[in-house]
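# Breakdown of the fold
Each chain, written out:
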Amino acid sequence: MDDLKLIPIINKFSACRSKTLELIKSLHEEDTVVQSVNFVSPLKWHLGHTTWFFENFILLQYDKNFQVYNEGFSYIFNSYYNVFGDFNKQENRGLLNRPLLSEILEYRKFIDLKMMELLEKKSFEKDINFLINLGINHEQQHQELILMDIKHIFFSNPLKPAYLKKIEDNFIIDSKSKNEWTLKTKKNVVIGADSDDFCFDNELPSFEIIIHPFILSEYITNGDWMNFMEEGGYTNYEYWLSDGWDFINKNKIQRPMYWIDNNYCFDLSGINKIDKNLPVSHITYYEANAFANYAKKRIPSEYEIEIVLKKNRKDGNFLENQIFREVSYKNECFSSSFSGNLWIWSSSNYNPYKGYKPIKMKANEYNSKFMCNQFVLKGGSFATPKDHIRPSYRNFYYPSDRWQFSGIRLVEDL
Ligand SMILES: [Fe+2]
């Protein structure tokens, strides 16, 4: 690889590492230690784990002089990679009062230094280039997780502290056009990654399918959700999948996550009145499916969403906009955008494409072992970095998950 191609990756690495620190700069050390529930990780763990990733996948493999930074860190910051040996269980991450945040920040500095030395070398193999990009994209995924997790951590505190000051809504809300998209005639489309740029293994190989005519709706709003609740949405079993009905009854779920009651909700700026015009967020796949049945529509397939994203590439509300919450589709800046804002649930199971080959090298466990019982989500959210996402990107969550920044669009067949 030539020098010109190396310069951007050094810059991208350094920008990505700085962005992670920027996300926690307004927080205090105490904020970074708490694990509110098993699926949430303490913020200081994210800082250590993303660093561990570069140490183990790159430095220990490609820098002959590199020695393990700290054996204990190798154990506590490994998330789930059996290839690197035993690791601390996720539910025990909240016990990590030690190492101190300052020690983790020192670890980050040391690994950054070693990575920069490696990145400045002139000759580069294809494999290492891919792994560096994987490490950067991995850290970007954790940037979104940091915002998801701090929201849950602050919401779980009875004092309901805020991550940021109140968001002043100065947006012009006057778009007259509908943020929906129609495929008028049956079409042959290519699904999957469509360029030579970095992508995850789960976006390949690409393939052709036929898509039948449909309309993809605007986001379902909080106002729509209030109507659903008033009309017995959570009490009429006829709307619900069996697993979903059991799930909401067992867990006493009667409204979206982070709604304090039917008037107020919690977001990254604290407690606010629920805005009926904003898209509804933090709902499970089960709730999305129940709403689709109530509305006599259906949840789109991942292919239908992907074709809409490929035909509409205008940037949406991403992390770079620093809005830190979903916006209304009537917002003039984003009225013709279909990406960002909130991930959209698809009805597609997270399965491998025909001919799928997991990443070789030690990163084999990155995606492949999670292809069971999850659904694909598309498009990104306000917490997703813009250069992390593309139309073929496949995010995935269990149908009962709802702490991610996800919303609903529905489909009507034509
Ligand atoms: Fe990770």
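Residues numbered from 1 in each chain as written. Predicted model: local features only at pLDDT ≥ 70, side-chain atom pairs only at ≥ 80, totals over all residues. Heavy atoms only, no water.

### Some points on the overall build of the chain
Note the threshold: Secondary structure elements are taken from DSSP: a helix is a run of H or I of four residues or more, a strand is a run of E of two residues or more, and numbering for both begins at the N terminus. By definition in these notes, contact holds between two residues if any of their heavy atoms fall within 4.5 Å. Accessible surface is estimated by sampling points in the Shrake-Rupley manner with a 1.4 Å probe; for residues, cover comes only from the protein chains shown. For the charge count, each Lys or Arg is scored as positive and each Asp or Glu as negative, with His and the chain ends excluded. The atom standing in for a charge is NZ when the residue is Lys, CZ when it is Arg, CG when it is Asp and CD when it is Glu.
Within the chain, the regular secondary structure consists of nine helices and 11 strands. Summarising its shape, the C-alpha atoms of the chain cover approximately 65 × 55 × 40 Å along the three principal directions. The contacts in the chain between residues at least 6 apart in sequence include a share of 79% that link residues at least 24 apart. Of the roughly 19,100 Å² that the chain leaves accessible, carbon and sulfur atoms contribute 50%. Placing the 50 positive and 54 negative side-chain charges of the chain at their respective mean positions leaves the two points 2 Å apart.

### Some words on the domain arrangement of the chain
Operational definition: Boundary definitions for the domains trace back to an automatic or database domain assignment. Here the quantity called buried area is the total loss of accessible area, with a 1.4 Å probe, experienced by two parts when brought into contact, counted for both. The rule for a salt bridge is simple: a side-chain nitrogen of Lys or Arg has to be within 4 Å of a carboxyl oxygen of Asp or Glu. N or O atoms closer than or at 3.5 Å make up a polar contact, with two conditions inside protein: a donor-capable atom paired with an acceptor-capable one, and, for residues adjacent in sequence, both atoms drawn from side chains. Basically, the charged four are Asp, Glu, Lys and Arg, the nonpolar ten are Ala, Val, Leu, Ile, Met, Phe, Trp, Tyr, Cys and Pro, and anything else, Gly included, counts as polar.
What the domain assignment reports for the chain is domain 1 (3-156) and domain 2 (181-413). For domain 1 versus domain 2, the distance between C-alpha centres works out to 27 Å. Summed over both sides, the interface of domain 1 with domain 2 buries roughly 3,100 Å², with 68% coming from carbon and sulfur. Contact with domain 2 buries surface across domain 1, with Glu144, Met148 and Lys151 losing the most and accounting together for 23% of the total. In this assembly, domain 1 and domain 2 are joined by zero salt bridges. Here domain 1 and domain 2 share 15 residue pairs in polar contact (both at pLDDT 80 or more) between them. Looking at the side of domain 1 that touches domain 2, the elements that each hand over two or more residues are helix H1 (3-24), helix H2 (43-62) and helix H5 (126-156). Partitioned by chemical class, the residues of the side of domain 1 that touches domain 2 number 19 nonpolar, nine polar and seven charged.

### Examining a nonpolar patch on the surface
Let me state the cut-off plainly: Candidates for patches are residues over 30% relative accessible area with no salt bridge; among them, like charges are joined within 9 Å and nonpolar side chains (Val, Leu, Ile, Met, Phe, Trp, Tyr) within 5 Å. Note on exposure labels: buried denotes an accessible area under 20% of the residue type's maximum, exposed denotes more than 50%, and partly exposed covers the range between, all computed with a 1.4 Å probe on protein chains only.
On the surface, a cluster of nonpolar side chains totalling about 240 Å² of accessible area is made up of Ile260, Tyr264 and Ile271. Among the residues examined, isoleucine 271 registers a relative accessible area of 38% and is labelled partly exposed.

### Some words on the sheet that holds strand E8 (residues 375-378)
To keep things clear, this is the line we draw: Here, any two strands with at least 2 DSSP bridges between them count as paired.
The four strands are arranged E9-E8-E7-E10 in an open sheet whose pairing can be described as mixed. The two strands at the open ends of the sheet, each matched to only one other strand, are strand E9 (395-397) and strand E10 (406-407). Two strands pair when backbone bridges link them, and strand E7 (residues 343-349) and E10 are joined in this way by two bridges, in the parallel orientation. Opposite tryptophan 343, over in E10, you have serine 406 as the bridge partner.

### Here's the deal with the side chain of serine 217
Here serine 217 is to be found in strand E4 (residues 214-219). Once you skip the residues sitting within four places of it in the chain, serine 217 turns out to touch Asn179, Glu180, Arg409 and Leu410.

### Some remarks on the coordination of the iron ion
Counted only if it meets this: Coordinating N, O and S atoms are those within 2.8 Å of the metal (3.2 Å for Na, K and Ca), and as water is not part of the atoms, a site may appear to have fewer donors than expected.
Taken together, the protein ligands of the iron ion are His49 (NE2), His138 (NE2) and His142 (NE2), with distances of 2.2 Å. Look at where the donors of the iron ion fall in the sequence and you get H-x88-H-x3-H. In this pair, histidine 138 and histidine 142 are both assigned in helix H5, four residues apart and thus about one turn of the helix distant. Assigned by exposure class, histidine 138 and histidine 142 land together as buried.

### Here's the deal with helix H7 (residues 242-250)
Selection rule: Directions are taken from the helix axis to each C-beta atom, and the arc is the one they span.
Those residues of H7 that sit buried are Gly244, Phe247 and Ile248. Projected down its long axis, H7 carries its buried residues within an arc of 90 degrees, all on one side. Seen from the buried face of H7, the exposed residues on the opposite side, beyond 90 degrees, are Ser242 and Lys250. On its buried face, H7 sits against helix H8 (285-294). Positioned one or two residues after H7, lysine 252 has a phi angle of 50 degrees, which is positive.

### Re the sheet that holds strand E1 (residues 181-183)
Applied cut-off: Axis lines are fitted to C-alpha atoms, over the contacting stretch for helices. Their N-to-C directions set the angle, which ranges from 0 to 180 degrees.
Across the sheet, three strands lie side by side as E1-E4-E11; this open sheet has antiparallel pairing. Both outer strands of the open sheet, E1 and strand E11 (409-413), are each paired with one neighbouring strand and no more. If you compare each strand with its neighbour and ignore which way they point, the axes differ by 15 degrees on average. With four bridges connecting them, E4 and E11 associate as antiparallel partners. Bridging across to E11, phenylalanine 214 finds its partner in aspartate 413.

### Some thoughts on the pairing of E7
Counting buried positions over the seven residues of E7 gives five, a clear majority of the element. Note that E7 and E8 share three bridges and pair antiparallel. Paired with asparagine 349 across the strands is phenylalanine 375, a residue of E8.

### Here's the deal with the pairing of strand E5 (residues 264-267)
In this sheet, strand E6 (residues 270-273) lies alongside E5 in antiparallel orientation, the contact comprising four bridges. Within the sheet, the bridge partner assigned to aspartate 267 lies in E6 and is glycine 270. The antiparallel hairpin formed by E5 and E6 contains two residues in its connecting segment.

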